[in-house]
Amino acid sequence: MPDERIAVVTGANRGIGLAVVRGLVERGYLTVLGSRDLAHGEAATASLSAGEFVLPRRLDVTDPSSIAHLAAELADRFGHLDVLVNNAAILYDTWQQATTADLDVVRAAMETNLYGPWRTLHTLLPLLRASRHGRIVNVSSEAGSLSGMGAGTPAYAVSKAALNALTRILAAELTSSHILVNAVCPGWVATDMGGPGGRPVAEGAASVLWAVDLPDDGPSGGFFRDGRPLAW
Ligand SMILES: NC(=O)c1ccc[n+]([C@@H]2O[C@H](COP(=O)([O-])OP(=O)(O)OC[C@H]3O[C@@H](n4cnc5c(N)ncnc54)[C@H](OP(=O)(O)O)[C@@H]3O)[C@@H](O)[C@H]2O)c1
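One structure accompanies this document, and this report is about it. (Residues numbered from 1 in each chain as written. Predicted model: local features only at pLDDT ≥ 70, side-chain atom pairs only at ≥ 80, totals over all residues. Heavy atoms only, no water.)

1. A few points about the packing of aromatic side chains
All told, the structure shown has three aromatic pairs when counted by the stated rule. Measuring from centroid to centroid gives 4.9 Å for Tyr92 and Tyr156, while their planes differ by 80 degrees, and the two rings are edge-to-face. Taken as a pair, Tyr92 in the loop between strand S4 (83-86) and helix H4 (103-113) and Tyr156 in helix H6 (residues 154-173) lie far apart in primary sequence, 64 residues in all. Seen in terms of ring centroids, Phe223 and Trp232 are 5.4 Å apart; in terms of plane orientation they differ by 25 degrees. Their pairing is stacked. Exposure remark for Trp232: the relative accessible area of 28% places this residue in the partly exposed category. Geometry around Tyr29 places Arg5 over its ring, the cationic atom sitting 4.4 Å from the centre. (Phe/Tyr/Trp six-rings, centres within 6.5 Å; stacked < 30°, edge-to-face > 60°. Helix = DSSP H or I, 4+ residues; strand = E, 2+ residues; numbered from the N terminus. Buried < 20%, exposed > 50% of the residue type's maximum accessible area, 1.4 Å probe, protein only. Lys NZ or Arg CZ within 6 Å of the ring centre and 35° of its normal.)

2. Focus: the pairing of strand S1 (residues 6-9)
Both faces of S1 are covered, namely the face carrying Ile6 and Val8 and the face carrying Ala7 and Val9. In this structure, S1 lies alongside strand S2 (residues 30-35), joined through four bridges in parallel fashion. Bridging from a neighbouring strand, Ile6 pairs with Leu30 of S2. Regarding topology, helix H1 (residues 15-26) serves as the crossover connection from S1 to the parallel S2, and that connection is right-handed. Here S1 runs beside S4; their pairing, made up of three bridges, is parallel. Bridge pairing in S4 places Val9 opposite Val85. (Pairing = 2+ DSSP bridges. Right-handed = clockwise from strand over helix to strand, strands pointing away.)

Rendered as structure tokens:
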């Protein structure tokens, strides 16, 4: 069905990604629930009430072949992609300081949190270009804001600052397309990564979905939380 609206969410088997999938399905998107372990993705899909509008697929953002496999299926079945939510991330390294950081940990964070979205974008961009209303949402964090940056979480903070930089560059390179590219912070959210005390997962997801819902003349190349600009 060429007119069907299609979305892909990475790291969607739990946390904010799963809630974003729920929100996309409510909006009428046929949504790929990307999960690096397919069994976890299928279990997450079964937990959703509208599971028939969800495609659980193995998608490891560090594994180019898994992304290429998905791209080939989407090209074959739909010929386009409307929304890419780069949500997967790891290593909120609260135990580290930059002065003594394990660079293997930093490298691992960059591999998933920066190169993951980057290579996913590379592979899916031809499909996004075929959309009339493409949206790329890079799920970032205020921890990556240079203006507010202090000590600690060096791997995570540097990876999110770099993701923010990538967001700006991509937005500038894609201005003549119909694709809006934004970075979004979901706020402190009570997930496995955020821990207890954060706000409800649905609120974090709503911050992300705001950037999906933007009109065609909406902002691109920005950094937002709850629809309001954040300082870079
Ligand atoms: N929670 C917060 O307070 C907070 C604040 C600011 C920003 N964020 C951002 O929000 C996003 C979602 O965070 P969350 O709190 O929902 O985290 P989470 O509960 O830890 O979930 C992370 C998800 O990413 C997946 N993932 C990890 N590595 C992957 C890979 N290589 N390929 C594909 N998926 C992978 C995980 O899969 P597995 O189940 O297989 O591990 C999991 O589904 C992240 O970008 C995070 O940096 C969160």
